[in-house]
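These are the residues of each chain, in order.
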Amino acid sequence: MILIVTPNPALDLTYTVPELRPHSTHRVTEAAAQAGGKGVNVARVLAALGRSAHGVLPLGGATGAAVAAELTEAGLPFTAVPIAGETRRTVAVVDPADATVFNEPGPELAAAEWAALLAAVDRLLPAAGVLVLAGSLPRGLPEDAYAELVALARRHRVPTVLDADGPALTGALAAGPSVVKPNAAELLAATGLSDVASAAAELRARGAGAVVASLGPDGLFALAEDGAWSCVPPATVSGNPTGAGDSAVAAIAAGLAGGAGWPAVLPDAVALSAATVLAPRAGRFDLAAYHRFRATSTARAVRATTSLRTA
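So, here is what we can say about the structure in this document. If you're wondering where the values come from, they're calculated on a predicted model, not measured in any experiment.

Moving on, we come to unusual backbone geometry. Although it is not a glycine, H23 sits at a positive phi angle of roughly 60°. Looking at the secondary structure, you find H23 in the loop between β2 (10-16) and β3 (30-36). By relative accessible area, which is 87% here, H23 ends up exposed.

This is how it looks when you write it as structure tokens:
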């Protein structure tokens, strides 16, 4: 079982429009609502792949009840930690070219509520093969809150995959997460460097076991103790990129749980990410495209000092 913590979940609202035009009125052609947050998207993808996953998330208010109801309807197992605050919402406005996302900040978690979440994770970790920590931290938590969860997993000898940015990422490094997965911009911002490979090496020096960086249309770069690899998507895709990174995390967690090496994990993550762009909402992917992309995706070994710069 892959255990997934989403400390700042949301009810995701997706509006599809023919074209997004700033400062104008839009006619929505399709509207959808589903449970969201990065970790929830990861769980949804894993379930679609036939993988056992269990979510832990704080939920409160009417929005929290709507999130719980949708998770139950979707058949996604989860443990809800009740909180006093109202669970947040996100809005994604999608047109044929891209998506524009609005994220509410979410509720503030009290110390007792965070302690209850830690206790829930501690109870579930003995049955877990991997712990995924995904998304922003709620207000009220210290910057090293993820470090507490990484340390908890280490005590249970469970590897961790961390997908966060800013202080939530850097505050967890000293605890030694097994894998961190920032995108290129997050990676460079965390280190102040201008080169992805050098920045990845810096995060490893600070405690990360491996670093997998999303490079957008240029695929993924991975730096680990046993080498460095890159994998480029076999085709250029356009659509809704919301959730593509979460699908990469799902593939990484599944590979880690199965003991696969990076030359196998990276093509799977790239194929799944690209197939997610072709789907209308986060947490979903085009199954036929995934299999097609996976068959033609290959990771290549690169020198750890290879210069990888972003535009």
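By the criterion of burial, strand β4 (residues 53-59) is predominantly enclosed, with seven of the seven residues buried. Neither face of β4 is left uncovered, since the one carrying A53, G55, L57 and L59 and the one carrying H54, V56 and P58 both have all their residues buried. Judged from the four bridges that link them, strand β1 (residues 2-5) and β4 form a sheet pairing that is parallel. Looking across to β4, one finds that V5 is bridged to V56. In this region the chain leaves β4, passes through helix α2 (residues 61-74) and returns to the parallel neighbour strand β5 (residues 78-82); the handedness of that crossover is right-handed.

Let's shift gears to the packing of helix α9 (residues 262-277) against helix α10 (residues 287-295). Where α9 meets α10, the closest approach of the two axes is 8 Å, and the angle between their N-to-C directions is 145°. Considering the relative orientation of α9 and α10, their crossing is right-handed. For the pair formed by α9 and α10, the contact residues are A264, P267, D268, A271, L272, A274 and A275 on the first element and A289, Y290, F293 and R294 on the second. Its residues assigned to classes, the contact of α9 with α10 shows nine nonpolar, no polar and two charged.

What counts, and where the lines are drawn
Position labels on residues start from 1 in each chain and follow its written sequence. In view of the model being predicted, local features appear only for residues whose pLDDT reaches at least 70, and side-chain atom pairs are presented and counted only at 80 or more, with totals across whole chains, interfaces and linings using the full set of residues. Each side-chain value is worked out from all heavy atoms of the structure, with water and hydrogens disregarded. To qualify as a helix, a DSSP run of H or I must reach at least 4 residues; to qualify as a strand, a run of E must reach at least 2; elements of each kind are numbered from the N terminus. A simple rule labels every residue: compare its accessible area, found with a 1.4 Å probe on the protein chains alone, to the largest value its type can have, and call it buried under 20%, exposed over 50%, or partly exposed in between. Criterion used throughout: strands pair if DSSP finds at least two bridges between them. We call a crossover right-handed when, viewed with the strands running away from us, the connection from the first strand over the helix to the second turns clockwise. In this description, a line fitted to the C-alpha atoms serves as the axis of each element, helices being fitted only across the stretch in contact, and the angle between N-to-C directions of two axes falls anywhere from 0 to 180 degrees. A clockwise turn of the near helix away from the far one marks a right-handed crossing, whereas an anticlockwise turn of less than a right angle marks a left-handed crossing. Between two residues, a contact is recorded if the distance between any of their heavy atoms is within 4.5 Å. As a working rule, the residues Ala, Val, Leu, Ile, Met, Phe, Trp, Tyr, Cys and Pro are called nonpolar, Asp, Glu, Lys and Arg charged, and the rest polar, with Gly in that last group.

So far we have only geometry, and geometry alone does not tell us how the molecule works.
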